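Observations on chain architecture
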Amino acid sequence: QKSEESRTISKISRELKEIVFVIQSQSNSFHSKRAEDLKRDILKQAADLGKELPTVLLTHQMDKHEGAWTILPLMKDFSVTYGRNSSWIFFCEEDTRIQVIKLLEILGRFDSSKEWFLGKALYDEESTIIHHYAFAENPTVFKFPDFAAGWALSVPLVNKLSKKLKSEPLKSDFTIDLKHEIALYIWQKGEGPHLTPVLEFCTDDVNSYKVDYCATTFSNSLPLCGEPMKKEDVFVAVKTCRKFHGDRIPVVKQTWEREAALIEYYSDYADISIPAVDLGIPNTDRGHCGKTFAILERFLNHTSPRTPWLVIVDDDTLISIFRLRKLLSCYDPSEPVFLGERYGYGLGTGGYSYITGGGGMVFSRIAVQKLLASKCRCYSMDAPDDMVLGMCFSGLGIPITHSPLFHQARPMDYPKDYLAHQIPVSFHKHWNIDPVKVYFTWLAPNTEETQNGKKVGYNREDL
């Protein structure tokens with residue numbers, strides 16, 4: 001009995017040593033602490049099981065390269081360092097919770113000498129702009145991993161990807177939805193492996209009844225670190241222009257305007273009925289860099305220095321200021337924070353990350369001060385404001401802070417299963433939807449009232 005048990009433990013110990021855990025972490029102090037907590041938890045579980053501890057890496061510490069978060073540039077390092085003595089690289093987010101012994105059991109079902117790409121499968125119900133309308137005939141055929149549930153690559157596949165990256169560098173200029181782009185890269189137009197769905201990789205909440213069955217779960221409540229930010233601590237700037245005063249501004253007024261204590265509308269035309277402020281910057285059809293920098297200057301010079309946060313949104317952004325105030329309780333406004341949905345540009349060749357504007361861009365006052373003190377400015381008035389800001393902050397060494405709760409597109413542009421474990425902060429664009437209905441279904445404060453600490457199911461019809 002005893003020796004059987006010790007054989008099992010030593011087998012577990014050996015297998016555990018062959019897994020490299022990679023936490024998709026960020027350098028902002030709130031996020032890096034969460035990632036460190038998860039690392040400690042994995043190592044503690046491992047110590048309780050046996051001797052040999054696995055390797056646990058945090059992506060933000062791995063590489064000075066801006067693109068470490070896009071994972072693929074790290075494959076060469078993984079291959080060189082772990083290509084011989086490891087079997088699996090297991091990736092997860094800072095809020096993924098892992099039952100290590102269960103994970104070992106699941107990975108043990110797959111022959112790690114073969115090429116495997118494992119995860120919880122997501123797919124598009126209809127082709128979508130954020131995936132460049134890929135697989136337009138039948139988008140459901142292509143599966144990609146929900147990072148929140150964790151995902152794994154066998155080391156032979158890592159070695160193969162590393163080789164491929166040496167001979168053909170990453171081509172894509174933009175990184176928009178990393179999980180989809182990684183799956184496409186691995187799939188290699190059908191020559192590489194498809195994602196193999198693993199049902200025990202779950203995004204059910206840590207307290208779900210399914211937790212005994214799952215190797216991973218996900219903490220899917222809105223982060224809250226103490227009291228929500230006060231309404232007066234968040235200044236909201238809405239970018240608009242004369243041609244949208246009639247159709248987009250009324251939507252803001254019917255939906256989220258009442259949640260904001262401090263809000264101004266910035267336009268190319270002063271309209272007292274809104275009221276809209278003319279910044280003296282003509283409207284441009286493309287990027288709005290000139291207008292955005294004028295808003296940043298105005299925030300610094302015309303609002304109370306005691307207002308720590310600025311949010312810039314488009315006039316067709318739907319946002320929950322109520323949830324944003326909760327989320328901001330986790331960030332230290334004395335740090336330069338630039339928060340929203342992260343995209344990347346040219347990261348295979350040293351480019352930069354940026355916060356995409358449509359989902360909303362959140363700045364701490366100190367971040368705005370550092371930016372404007374730096375002399376980094378628009379190279380033209382109609383340059384894309386979000387990309388110029390990304391470039392400037394990158395040059396200043398101020399990291400982008402990503403939150404998947406901000407969305408550049410509409411609810412129907414994301415897999416239902418992905419949104420099911422989120423409490424979203426924003427969506428963007430009014431095409432072919434009823435924006436007021438979207439707001440009240442997905443973002444209005446009353447959708448998250450709790451009963452006995454349990455979230456009440458949302459009433460989300462298929463929008």
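Every residue gets a number counted from 1 within its own chain, in the order that chain's sequence is written. Given that this is a predicted model, residues contribute local features only at a pLDDT of at least 70 and side-chain atom pairs are listed and counted only at 80 or more, while totals for whole chains, interfaces and linings are drawn from all residues. By convention in this description, side-chain values take in all heavy atoms of the structure and omit both hydrogens and water.

If you check an unreviewed UniProt entry, the protein appears there as Beta-1,3-glucosyltransferase from Scytalopus superciliaris. Per UniProt, the protein has the following entry under Sequence similarities (unreviewed entry): "Belongs to the glycosyltransferase 31 family." Per its UniProt entry, the protein bears the Pathway (unreviewed entry) comment "Protein modification; protein glycosylation." UniProt positions are given in the numbering used here, feature names are shortened, and annotations may be inferred rather than shown by experiment.

**Topic: the environment of Y345**
Elements are defined by DSSP. Helices are runs of H or I of four residues or more, strands are runs of E of two residues or more, and each kind is numbered from the N terminus. Along the chain, the position of Y345 falls in strand β19 (residues 342-345). Each C-alpha atom, one on Y345 and one on D173, is 5.5 Å from the other, the two residues being 172 residues apart in sequence. The criterion used for residue contact is that any of the two residues' heavy atoms lie within 4.5 Å. In contact with Y345, other than residues within four places in its own chain, are D173, F174, G351, Y352, Y354 and M387.

**What about helix α11 (residues 365-373)?**
The buried label goes to any residue with under 20% of its type's maximum accessible area, the exposed label to any with over 50%, and the partly exposed label to all in between, with areas taken from a 1.4 Å probe on protein chains only. Along α11, the residues classified as buried are R365, A367, V368, L371 and L372. Looking straight down α11, one finds its buried side chains confined to an arc of 160°; they lie on one side. Looking at the packing, one finds that the buried side of α11 touches α9 (289-302), β16 (309-314), β21 (361-364) and α12 (385-396). Phi for K375, located one or two positions after α11, is positive at around 75°. The directions from the helix axis to the C-beta atoms form the arc being described.

**Regarding the packing of α11 against α12**
Only the stretch in contact is used when fitting a helix axis, every axis being a line fitted to C-alpha atoms; angles between N-to-C directions are given from 0 to 180 degrees. Interhelical geometry of α11 versus α12 gives an angle of 90° and a closest axis separation of 10 Å. Relative to α12, α11 is oriented roughly perpendicular. Counting all contacts with α11, which are made through A367, K370 and L371, the residues of α12 involved are L389, C392, F393 and L396. When residues are grouped by polarity, Ala, Val, Leu, Ile, Met, Phe, Trp, Tyr, Cys and Pro land in nonpolar, Asp, Glu, Lys and Arg in charged, and all others, Gly among them, in polar. Of the residues belonging to the contact of α11 with α12, the class tally is 6 nonpolar, no polar and 1 charged. An angle below 35 degrees is treated as roughly parallel, one above 145 as roughly antiparallel, one from 65 to 115 as roughly perpendicular, and anything else as oblique.

**Considering empty space enclosed by the protein**
Of the grid points, spaced at 1 Å and generated over the protein atoms alone, those admitting a 1.4 Å probe that cannot get out make up cavities, while open sets with protein on both sides within 12 Å along at least five of seven lines make up pockets; any residue with an atom within 4 Å of a point is treated as lining. Grid points are joined across faces, edges and corners, and a volume is the space filled by probe spheres set on the points. Scanning the entire structure with this criterion turns up 2 cavities of 30 Å³ or more. Considering only enclosed or pocket space, the largest cavity measures out at about 820 Å³ in volume. In terms of lining, the largest cavity is formed by 41 residues, of which the most central are E93, H402, S403, P404 and Y418. Contributions of two or more residues to the lining of the largest cavity are made by α2 (29-49), α7 (178-187) and β19. Residues that form the lining of the largest cavity fall into these classes: 20 nonpolar, 13 polar and 8 charged.

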